[in-house]
Amino acid sequence: MNTQVSELLPLDDLVKLSPQTIHEFSEKGHVLVKNILSKAEIEAYRPVIVGAADKYNTEKRKLEDRDTYGKAFLQIMNLWQVDADVKQYVFAKRMAKIAADLMGVENVRLYHDQALFKEAGGGPTPWHQDQYYWPIDTHNTVTMWMPLIDIDVDMGMLTFASNSYNNGAVFNHEISDESESLFDDYVKEKGFAISRAKTMNAGDATFHRGFTIHNAPGNNSDKIREVMTIIYIADGARITPYKNDWQKNDHHKWLMGKPIGELIDSELNPRLL
Ligand SMILES: O=C(O)CCC(=O)C(=O)O
């Protein structure tokens, strides 16, 4: 395990969100928050996260040998468990408090983290809803998506269907070509506005609700789109019976298989504030 943690500055001082930011999130189900990490902080944390993602990445196939989901990104999960420096980033109060303020709650729990690195030439991320995968009894969940380098639309910018979170899980389909096509029709039929930033700087982040419909174009640049994500759940949420096999898998993987109906409070799901 990496033991360099003492050299990294903690990210525990808080930022105050404007009422407009909180309002935008509650209306649209997503919002961009700029400058969460300073340049110096990104310079310190980027090598830590990229190093851990490289070390623990198990995807060795060539892009052309993978399916649509496999082409979309390298996905390396719960790095906080294997790297003490990444843990300091994932457990940071600064990002956790933003998530809590957007959800309007006192405290949040960690669901899991994941590095999502879209390789140069990597394919699009199909339309989907994150919470389709989660056996959780609240809609008050949020994913933070933070680029570790400056990115623009050509590198696979996260893209949202605004106001699309109200109807819970819309389809019984995991992220795939099928979800892309079904959600594409649905988003058009409902007339949701499509929203994506033109550029994001390293250390900016978007936050989206668990049921907000979102996708991302492919990475047409020659650089890896390095993104780190953290999923937060409002404290007090409970585990629900599975609606699909993915939820069964998540129950064991991220909630330590605690009995259905119980509070989400396992060792993998600490309170962060
Ligand atoms: O990074 C991407 O391309 C997709 C990310 C995503 O779907 C998420 O973080 O919920």
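Residues numbered from 1 in each chain as written. Predicted model: local features only at pLDDT ≥ 70, side-chain atom pairs only at ≥ 80, totals over all residues. Heavy atoms only, no water.

Caption draft 1: Quick peek at the overall build of the chain. Within the chain, the regular secondary structure consists of seven helices and 12 strands. Here the chain has a C-alpha radius of gyration of 17 Å; the compact-globule value for 273 residues is 19 Å, and the two agree. If you line up the chain on its principal axes, its C-alpha atoms span 50 × 45 × 40 Å. Residue pairs in contact within the chain that sit at least 24 positions apart in sequence constitute 85% of those at least 6 positions apart. For the chain, the exposed area adds up to about 12300 Å²; of that, 49% sits on carbon and sulfur atoms. (Helix = DSSP H or I, 4+ residues; strand = E, 2+ residues; numbered from the N terminus. Rg over C-alpha atoms; globule rule 2.2 N^0.38 Å. Contact = heavy atoms within 4.5 Å. Areas by Shrake-Rupley, 256 points an atom, 1.4 Å probe, with all protein chains shown as cover.)

Caption draft 2: Structural detail: the sheet that holds strand β11 (residues 214–216). As summarised here, the arrangement of the four strands in space is β4-β11-β7-β8, forming an open sheet in which the pairing is antiparallel. The open sheet is flanked by β4 (125–128) and β8 (194–195), the only strands paired with a single partner. Sheet strands in contact with helix α6 (residues 177–190) are β4, β7 (159–161), β8 and β11, and its direction is about 55° off that of β4. (Pairing = 2+ DSSP bridges. Axes fitted to C-alpha atoms, helices over the stretch in contact; angles between N-to-C directions.)

Caption draft 3: Broad picture of the pattern of salt bridges. Under the criterion given, the structure shown has 14 salt bridges. One salt bridge in this structure joins Glu59 and Arg66, with 3.8 Å as the shortest N-O distance. Connected through shared salt-bridge partners, Glu59, Arg61, Arg66 and Glu119 make up one network. (Salt bridge = Lys/Arg side-chain N within 4 Å of Asp/Glu carboxyl O.)

Caption draft 4: Spotlight on helix α7 (residues 245–254). What α7 keeps buried is the set Gln247, Asp250, His251 and Trp254. Down the axis of α7, the smallest arc covering the buried residues is 110°, so these residues share one side. Buried positions along α7 lie against β2 (74–77) and β3 (108–118). Its side-chain oxygen placed 3.0 Å from the backbone nitrogen of Trp246, Asn244 serves as the N-cap of α7. (Buried < 20%, exposed > 50% of the residue type's maximum accessible area, 1.4 Å probe, protein only. Arc of directions from axis to C-beta. Polar contact = N/O pair within 3.5 Å; in protein donor to acceptor, adjacent residues only side chain to side chain.)

Caption draft 5: Structural detail: the packing of aromatic side chains. Tallied over the full model, the rule gives nine aromatic pairs. Ring geometry for Tyr45 and Tyr89: centres 6.0 Å apart, planes at 50°, overall tilted. Of this pair, Tyr45 sits in helix α2 (residues 39–56) while Tyr89 sits in helix α4 (residues 84–90), and the two are 44 residues apart along the sequence. Grouping residues by exposure puts Tyr45 and Tyr89 together as buried. For the ring pair Trp80 and Phe91, a centre distance of 4.9 Å and an interplane angle of 55° mean the geometry is tilted. With Trp80 in the loop between β2 and α4 and Phe91 in the loop between α4 and α5 (93–103), this pair connects stretches of sequence that are 11 residues apart. (Phe/Tyr/Trp six-rings, centres within 6.5 Å; stacked < 30°, edge-to-face > 60°.)

Caption draft 6: Structural view of the site of the ligand. Near the ligand, the surroundings consist of 14 residues, among which Thr125, His128, Asp130, Trp145 and Arg225 are the closest. At 2.9 Å from an oxygen atom of the ligand is found a side-chain nitrogen or oxygen belonging to Asp130. Residue His208 places a side-chain N or O atom 3.2 Å away from an oxygen atom belonging to the ligand. The protein chains hide 97% of the 290 Å² of surface that the ligand would expose on its own. With respect to the detected pockets, the ligand is housed in the largest pocket. Only β3, β4, β5 (141–147), β11 and β12 (225–234) provide two or more residues apiece to the shell around the ligand. Taken together, the residues that form the shell around the ligand break down as five nonpolar, six polar and three charged. (Near = heavy atom within 4 Å. 1 Å grid on protein atoms, 1.4 Å probe; cavity = no way out; pocket = protein on both sides within 12 Å on 5 of 7 lines; lining within 4 Å. Sits in = over half its atoms within 2 Å of the grid points. Nonpolar A, V, L, I, M, F, W, Y, C, P; charged D, E, K, R; others polar.)

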